[in-house]
Amino acid sequence: MNRTEATAERGEKSNTAQLLGRAGMACYGVVHIVIAYLALQVAFGDSEQADQKGALQQIGSTAFGQILLWIVAVGLILFGLWQFLMAATGYEWVSGGKRTRKRIGAAARGVVVIALGVSAIRIATGSGGGSSNQKQQEFTAKLLQLPAGPALVVIAAACVLGVAIAAGVKGAKKKFLEDLNTSELPGKTKRWIGWIGTAGYLAKGVVLAIVAFLLAIAGFKADPNKAGGLDSALKTLAAQPFGTVLLTVVALGLAAFGVYCFGAARAHKR
């Protein structure tokens, strides 16, 4: 092991890195619970912005919320940095291709979460930022301007669908339990962590599948305005027959994922 790898491993194993990273994971859970709350409002006729930015704005909507928003912002960045450390040296309890996939997933999660933390800082400082729909449409428009742009957008949609399927499989087969030391959880928590984790990952899989569907339509029609992020995905679901019931179920699943993050923050393997 070279010096860089050794340094990264010491960082990942240190109690300070563990404590800060796990606290950040709890902040990630808070964001999902607030998104679930906004999704329920959409289900029952409100036009709230039901995405990460909407959740962060909701958190910072009061004087005390502004303080909480800064805490969440810092926590998300710490969680992202912890994921980078996990990507560098973590997942020693698995080997081979599975370990490589988990490390790649941790690195990707780190990028997403740190970007979310930066968005929280921008909202806290009043500089705002685009919604998930706007960002998705801007990304799609840039792809469409490239040679074979529509095909690239469809490929991107297929990649998102792959992530959605992976999340669904992870939830259905309870693969997330591989990364937890459930013995560290209180007795009752051990019984429900598997159920809420399954509900959470399935809900995330459904939402990502809808995002992939919207992105594919944008590619086939060469129209970036057809693309959409989390907000569009949830509102698309609400517009379907029995949409209120469907979106309510998904919202409860997203809330379950948020609660799961609290349990995982305590029990995640080192």
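Residues numbered from 1 in each chain as written. Predicted model: local features only at pLDDT ≥ 70, side-chain atom pairs only at ≥ 80, totals over all residues. Heavy atoms only, no water.

**Things to note about unusual backbone geometry**
Right, so step 1: Of note, the phi angle at A148 is positive, near 60 degrees, even though the residue is not glycine.
Right, so step 2: With respect to the helices and strands, A148 occurs in the loop between helix 6 (132-144) and helix 7 (149-172).
Right, so step 3: Even without being a glycine, F242 presents a positive backbone phi close to 60 degrees.
Right, so step 4: Relative to the helices and strands, F242 resides in the loop between helix 9 (230-238) and helix 10 (243-267). (Helix = DSSP H or I, 4+ residues; strand = E, 2+ residues; numbered from the N terminus.)

**What about the side chain of Q136?**
Right, so step 1: On the secondary structure map, Q136 appears in helix 6.
Right, so step 2: A relative accessible area of 16% places Q136 in the buried class.
Right, so step 3: Ignoring any residue separated from it by four or fewer positions in sequence, one finds Q136 in contact with V211, L215, A227, G228 and G229. (Buried < 20%, exposed > 50% of the residue type's maximum accessible area, 1.4 Å probe, protein only. Contact = heavy atoms within 4.5 Å.)

**Things to note about helix 3 (residues 52-59)**
Right, so step 1: Along helix 3, the positions that sit buried rather than exposed are K53, G54, A55, L56 and I59.
Right, so step 2: Looking at the packing, one finds that the buried side of helix 3 touches helix 2 (15-43), helix 4 (63-89) and helix 5 (96-124).

**A look at a nonpolar patch on the surface**
Right, so step 1: Taken together, the side chains of I33, W192, V259 and F262 present a nonpolar region at the surface, about 300 Å² in accessible area.
Right, so step 2: Note that W192 resides in helix 8 (residues 187-221).
Right, so step 3: Residue W192 is classed as partly exposed on the basis of its relative accessible area, which comes to 33%. (Patch = residues over 30% accessible without salt bridge, like charges linked within 9 Å, V, L, I, M, F, W, Y side chains within 5 Å. Areas by Shrake-Rupley, 256 points an atom, 1.4 Å probe, with all protein chains shown as cover. Salt bridge = Lys/Arg side-chain N within 4 Å of Asp/Glu carboxyl O.)

**Focus: the side chain of S119**
Right, so step 1: Within the secondary structure, S119 is located in helix 5.
Right, so step 2: Setting aside its immediate chain neighbours within four residues, S119 contacts L56 and K135.

**Focus on the environment of A216**
Right, so step 1: If you trace the backbone, A216 turns up in helix 8.
Right, so step 2: The exposure class of A216 is buried, given its relative accessible area of 16%.
Right, so step 3: Along the sequence, A216 and Q41 sit 175 residues apart, while their C-alpha atoms lie 27 Å from each other.
Right, so step 4: With sequence-adjacent residues up to four places away left out, A216 is seen in contact with V154 and A157.

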